[in-house]
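# Observations on the model geometry
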Amino acid sequence: MQEALTFKIEDFEGPLDMLLYLVGKNKMNLYDINLMTLIDQYTEAIRTLQQDRMEIASEFIDMAAHLVQMKSALLLPRSPEAERMKAELTGRLIEYSACKEVAAQLGSRARDITTFVREPMPLVGAAEYTRSHDPYKLVQAWFGLMGRSTRKRKPTQERFEPLVTAPFVSVASRVSHMLRGLLKGSLHKVGQLFSPEESRSTNVATFLALLELIRAGRVQVADDGGLQLDRTHRRRKENPTP
């Protein structure tokens, strides 16, 4: 018959501390834990919590939910998720146990050390800071001390206007524009297609249109950036070779 649990949740520093206590109480090996027994005892202890202690028990309840999920996975035959969760929990318990042992050793050493302190020395000179600084620089120093960057102003509506009102340029329209320039003879080089005066949307659509024409075999690009229109493309398409 399983022994009734009489301990209180306040006796533990966290859910891992309680799980480690249950492992020791049941004389389990940390490297070979009977998870089903451990989960049942832990969840049974959580059920006894009173509603007025929820602020203390929140992390314990969170661990209980995780353990219930793990138990449902353990009931499945050959569940990779269950093996992963078991290995993760076992690793956390082993690491926590090692940390507790180190903390106990450091604590015992600290108790054997005698600390001597002296009375505070009197201040020499004026205790007030008499220098004056620019308030803006003081604010910047404060934010730098707190690990923050320079305070950024809230972006205005004018800064979003170019993004919101930018005209949409389709790739098909740039394909037509490029073919017209090649047919008329006004377009000869790749450099003529792009201009810093054009919008980013136009330049991106032009680039995609050029890639599409090259892929379709309509346009060829020479090593020096020259553009050449394949005028036989349409005839080959209409009269395919048998």
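Here we summarise the structure given alongside this text.

Criteria and thresholds
- Residues numbered from 1 in each chain as written.
- Predicted model: local features only at pLDDT ≥ 70, side-chain atom pairs only at ≥ 80, totals over all residues.
- Heavy atoms only, no water.
- Helix = DSSP H or I, 4+ residues; strand = E, 2+ residues; numbered from the N terminus.
- Expected span 1.5 Å × (residues − 1).
- Buried < 20%, exposed > 50% of the residue type's maximum accessible area, 1.4 Å probe, protein only.
- Arc of directions from axis to C-beta.
- Contact = heavy atoms within 4.5 Å.
- Salt bridge = Lys/Arg side-chain N within 4 Å of Asp/Glu carboxyl O.
- Core = buried A, V, L, I, M, F, W, Y, C linked by side-chain atoms within 4.5 Å.
- Patch = residues over 30% accessible without salt bridge, like charges linked within 9 Å, V, L, I, M, F, W, Y side chains within 5 Å.
- Areas by Shrake-Rupley, 256 points an atom, 1.4 Å probe, with all protein chains shown as cover.
- Axes fitted to C-alpha atoms, helices over the stretch in contact; angles between N-to-C directions.
- Parallel < 35°, antiparallel > 145°, perpendicular 65-115°, else oblique.
- Left-handed = near helix turned anticlockwise from the far one by under 90°.

## Structural notes on helix H8 (residues 200-216)
The α-helix winds at 3.6 residues per turn, so residues separated by three or four positions along the chain end up facing the same way. Here H8 spans 24 Å end to end across 17 residues, near enough to the 24 Å set by a 1.5 Å rise per residue. Taken together, the buried positions of H8 are occupied by Thr-202, Asn-203, Ala-205, Thr-206, Ala-209, Leu-210 and Leu-213. Down the axis of H8, the sector holding all buried residues measures 160 degrees, keeping them to one side. Turned more than 90 degrees off the buried face of H8, the exposed positions are Arg-200 and Arg-215. Elements that come into contact with the buried residues of H8 comprise helix H7 (171-184), strand S1 (219-221) and strand S2 (227-229). Of the residues trailing H8, Gly-217 is marked for its positive phi of about 80 degrees.

## Concerning helix H2 (residues 35-47)
Between its first and last C-alpha, H2 extends 18 Å over 13 residues, near the 18 Å set by a 1.5 Å rise per residue. Taken residue by residue, H2 has Leu-35, Leu-38, Ile-39, Gln-41, Tyr-42, Thr-43, Ala-45 and Ile-46 as its buried positions.

## A short note on the pattern of salt bridges
Using the criterion set out here, one finds six salt bridges in the structure. Here Lys-71 ties to Asp-40 by a salt bridge, and the two come within 2.6 Å at their closest N and O atoms. Here Lys-71, found in helix H3 (residues 54-74), pairs with Asp-40, found in helix H2; they are 31 residues apart in sequence, far enough to count as distant. The exposure class of Asp-40 is partly exposed, given its relative accessible area of 33%.

## A few points about the nonpolar core
If you look at the biggest cluster of nonpolar residues, it comprises 24 residues, and the most contacted ones within it are Leu-19, Ile-33, Leu-38, Tyr-42, Leu-67 and Leu-93. If you list the elements that add at least two residues to this core, you get helix H1 (15-25), H2, H3 and helix H4 (80-111). The dominant element in this core, judged by the number of residues it contributes, is H1, at six residues. Sequence-distant contacts of Leu-38, defined by excluding residues within four places in its chain, comprise Leu-19, Leu-22, Val-23, Met-28, Ile-33 and Leu-93. Membership of the second largest hydrophobic core comes to 13 residues, among which are Val-175, Leu-182, Leu-210 and Leu-213.

## Some points on a nonpolar patch on the surface
A contiguous nonpolar surface patch, about 470 Å² in accessible area, is contributed by Val-171, Phe-194, Val-204, Phe-207, Leu-208 and Leu-211. With four residues, H8 is the largest single contributor of residues to the nonpolar patch. Mapped onto the secondary structure, Val-204 falls in helix H8.

## Side note on the environment of His-66
Among the secondary structure elements, His-66 is positioned in helix H3. In this structure the C-alpha to C-alpha distance between His-66 and Met-85, which are 19 residues apart in sequence, comes to 9.3 Å.

## Remarks on the side chain of Thr-202
You can see Thr-202 is positioned in helix H8. Under the relative-accessibility criterion, Thr-202 is labelled buried at 8%. Those residues in contact with Thr-202 that sit more than four places away from it in its chain are Val-169 and Arg-174.

## So, the packing of H1 against H2
Close contact between H1 and H2 brings their axes to 10 Å; oriented N to C, the two are set at 125 degrees. Between H1 and H2, the angle falls in the class oblique. For H1 against H2, the interelement crossing comes out right-handed. Across from Pro-15, Met-18, Leu-19, Leu-22 and Val-23 in H1, the residues of H2 making contact are Leu-38, Gln-41 and Tyr-42.

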